[in-house]
Amino acid sequence: MYRYSSDKFERILLTEESIKLADTYIAEKVVGKTSLEDCRHIALATINRVDVLASWNFKHIVNLDRIKGYNSVNYKLGYPMIEIRSPKDLLHYED
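Summary of the structure given here. Here the structure is a predicted model, which means the values were calculated and not measured. Each chain carries its own residue numbering, running from 1 in the direction its sequence is written. Reporting of local features is limited, given that this is a predicted model, to residues whose pLDDT is at least 70; pairs of side-chain atoms are given and counted only at 80 or more, and all residues count toward the totals for whole chains, interfaces and linings. Side-chain calculation: all heavy atoms of the structure are included, whereas hydrogens and water are not.

## What about the packing of aromatic side chains?
What describes a pair of aromatic rings is the distance from one ring centre to the other and the angle between the planes of the rings.
So, point 1. The aromatic pairing rule takes the rings of Phe, Tyr and Trp, using the six-membered ring of Trp, and pairs them if the centres are within 6.5 Å, calling planes under 30 degrees apart stacked, those over 60 edge-to-face and the rest tilted. Scanning all chains against the criterion turns up two aromatic pairs.
So, point 2. Ring geometry for Tyr-25 and Tyr-70: centres 5.0 Å apart, planes at 75°, overall edge-to-face. On the criterion of sequence distance, the pair formed by Tyr-25 in helix H1 (residues 16–27) and Tyr-70 in helix H3 (residues 64–77) is long-range, its members being 45 residues apart.
So, point 3. We classify Tyr-25 as buried; its relative accessible area is 0%.
So, point 4. Relative to Phe-58, the ring of Trp-56 lies with its centre 6.3 Å away and its plane at 70°, an arrangement referred to as edge-to-face.
So, point 5. The buried label applies to any residue whose accessible area, calculated with a 1.4 Å probe on protein chains only, is under 20% of its type's maximum; exposed applies above 50%, and partly exposed to all values in between. With a relative accessible area of 40%, Phe-58 lands in the partly exposed category. For the purposes of this entry, the term helix denotes a DSSP run of H or I that reaches at least four residues, the term strand denotes a run of E that reaches at least two, and both are numbered from the N terminus.

Here's what the structure looks like:
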């Protein structure tokens, strides 16, 4: 298990801008209303320009069609594309 010190993390707060972006993902039918929290997670990562969003949620987040949908909305609204991957894709093994 990897352990990281607290200085490796930054707490970000839900803003009006991220709420609107998340609501737009739902309005554009990227996912349904029941995925609001997932949309907020993605919106926060998008607005805060994270390098890569890692998730084990393969149904609503780490899903190629959904990623294309999130990025389509981001592109239309002038936000950057978001890179979304499974945590296992981000692990580096030593040979």
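Next comes the rest of the write-up.
## Let's talk about the nonpolar core
So, point 1. Here, nonpolar core means buried Ala, Val, Leu, Ile, Met, Phe, Trp, Tyr and Cys residues that are tied together by side-chain atoms lying within 4.5 Å of each other. By size, the foremost hydrophobic cluster in this structure holds 18 residues, and its most contacted members are Tyr-25, Cys-39, Ile-42, Leu-53, Tyr-70 and Ile-84.
So, point 2. Going through the elements one at a time, H1, helix H2 (36–47) and H3 are the ones with two or more residues in this core.

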